[in-house]
Amino acid sequence: MENAKDITEYKFSDIIASPSIKERFEKVRKYFFLRESTYDMSNRCNLRCEGCYYYAGETEKQFAEENLNPADWQQLMEAEKERGITFVVLAGAEPSYVPELCKTCYDTIPLGCIASNGLMPLAKEIDYRIHISVWGNDKTSLEIRKAKNMLVRQMENYQGDSRAIWVYTFTPVNIDQAREVTETLAANNHQITFNMFSAPTDYNGHLRHTPQTLAHTRAVMSELLAEFPETVVFSPYNIVAHTHEQGLHSLFSCSYPRMNPSTAIGLGRSFRQYRTDLQWDRAAACCVPDTDCDDCRHYAAGSAVVTARMYRHATTPQHFSAWLDYVDTYLAVWVKGYDKGENLCKEMIEPPEQS
Amino acid sequence: MTTDTHQAITRIAEIIINELKLEDVTPETFDADLDLVDEIGIDSMDLATIALVLRDEYGIRIDEDDYPKLTTVRIIAEYITTKLAEKE
Ligand code: SF4
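Now for a look at the structure at hand.

The rules behind each value
Residues numbered from 1 in each chain as written. Chains lettered and ligands numbered in written order. Predicted model: local features only at pLDDT ≥ 70, side-chain atom pairs only at ≥ 80, totals over all residues. Heavy atoms only, no water. Salt bridge = Lys/Arg side-chain N within 4 Å of Asp/Glu carboxyl O. Helix = DSSP H or I, 4+ residues; strand = E, 2+ residues; numbered from the N terminus. Buried < 20%, exposed > 50% of the residue type's maximum accessible area, 1.4 Å probe, protein only. Contact = heavy atoms within 4.5 Å. Core = buried A, V, L, I, M, F, W, Y, C linked by side-chain atoms within 4.5 Å. Pairing = 2+ DSSP bridges. Axes fitted to C-alpha atoms, helices over the stretch in contact; angles between N-to-C directions.

1. Quick look at the pattern of salt bridges
For side chains of opposite charge, pairing can occur when their charged atoms come near one another. Residues and elements named next belong to chain A. Applying the stated rule across the entire model yields 27 salt bridges over all chains. Put simply, aspartate 127 and lysine 336 hold a salt bridge, and the shortest N to O gap is 3.2 Å. With aspartate 127 in the loop between strand 3 (112-116) and strand 4 (129-134) and lysine 336 in the segment after helix 15 (317-334), the pair connects residues that are 209 residues apart, well separated along the chain. On the basis of relative accessible area, aspartate 127 is assigned to the partly exposed category, the value being 30%. In this structure, arginine 179 and glutamate 227 form a salt bridge, with 2.9 Å as the shortest nitrogen-oxygen distance. Taken together, the positions of arginine 179 in helix 8 (residues 177-187) and glutamate 227 in helix 9 (residues 211-227) put the pair 48 residues apart, joining distant regions of the chain. Residue classification places glutamate 227 among the partly exposed residues on the basis of a relative accessible area of 44%. Linked by salt bridges that have partners in common, Arg24, Lys27, Asp325, Asp328 and Lys340 make up one network.

Below, the structure written as structure tokens:
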């Protein structure tokens, strides 16, 4: 027999009775209307990064033909809006190859984000958040991405541009270089957030994380968050969720269609991942298709998967604060003009048990 | 319909109206058989918030895996009634 007192120590009303928690909850819940889908804009890229999930796997997204007709894209965006999509993630390969298509998306659905390597600047009139990928210092970028002077070129392209945020992907080989990159971005008034290399399904190379590299990454992320609070957009709970030995699915149950058979509500109902030919496949649909779900710690995945688990975190003020920090972080990362607040939970707490 | 279920329906409707700030509808006029997703436009985050308020009110856990089943106010009321009976 269940007893209510055994189930939860705190009532939700007690948790949000704290003014700081209530204020933050009201701040983030204004964005509960966001419903995302993602779109591969181009199958071309000027880089070939090792472990890139776009060119990995058997779903053959990289072989889908590019539809370059703005009228078709506009029709797609209108249909997306009609079915309730309010936030678009334009990815690729590299979306900056097709700025006119990005503009078409922006004109129809004005909230969104573009994932770019930042080497070809996007016109200001496409007023989405722009996530610029960084995979280490320039020496490592040259080895892994075959591109010279990446950070300097990215910063030149996006100097003074409030759309831009750098996304540093931690791999086992670049953990200590995050400091150098963060210092450089801080000196140039840019912001950075953190991602984890998440291995594609068929990847067995040296970039796959180990328990040791996860622990090392956790330590470096913590130091940088403490030392560069204005530059690093992250929270202690983001660190926990993304550097845990268990991946996101195991910790929080992934709600993307690829792992979630339910079409009743939430991401399982609304999320689609369109390829460049404007087709989508429910069996492959998540924000990082062809990633190994057991190794998935990807920031884009977490932004939806952890966020969806509000109920599970509303058991203690500390867990709910940690969840609010996580959501606040990702709204700041994804939504242009959203300002991150101070983290409410300073400790690294374990995620709650599954309900 | 038992009095308990009727009371639960009215209370759940009230919670949904409050949380979603619905206008032009009262707990008494709320159609308990409306599809919350298709006809009211509720999403998983709204449902999580409602589930937390219901958890406070009735002292029962609403399993996240059960969210997809909770499609109308009447179904939620029946779910709560069953959970409460299991507790006794
Ligand atoms: S790769 Fe990550 S986001 Fe995609 S289905 Fe697997 S766990 Fe979910």
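So, next bit.
2. Regarding the environment of phenylalanine 32 of chain A
Summarising the element assignment, phenylalanine 32 of chain A is placed in the loop between helix 3 (19-29) and strand 1 (36-40). Those residues within four positions of phenylalanine 32 of chain A in sequence are excluded, and the remaining contacts are Phe25, Met310 and Trp323 of chain A together with Asp43, Met45 and Thr49 of chain B.

3. Section: the nonpolar core
Residue and element names in this part refer to chain A. Tyr39, Trp166, Phe320 and Trp334 are the most contacted members of the largest nonpolar core, which has 129 residues in total. Those residues within four positions of phenylalanine 320 in sequence are excluded, and the remaining contacts are Phe12, Ile15, Ile16, Ile21, Phe25, Met310, His313 and Ala314. Judged by nonpolar contacts, the second largest core, of 6 residues, contains Trp135, Ile144, Tyr203 and Leu207.

4. Description of the sheet that holds strand 6 (residues 192-196) of chain A
Each strand in a sheet pairs with its neighbour through backbone hydrogen bonds, running either in the same direction (parallel) or in the opposite one (antiparallel). Residue and element names in this part refer to chain A. In spatial order, the strands read 6-5-4-3-2-1-7; together these 7 strands make up an open sheet with parallel pairing. The open sheet is flanked by strand 6 and strand 7 (273-274), the only strands paired with a single partner. Pairing analysis gives 5 bridges linking strand 1 to strand 2 (residues 87-91), with the strands arranged parallel. Counterpart to aspartate 40 in the pairing with strand 2 is alanine 91. Against the sheet, helix 4 (residues 70-82) contacts strand 1, strand 2 and strand 7, and its axis sits at roughly 165° relative to strand 1.

None of this, on its own, says anything about what the molecule does.
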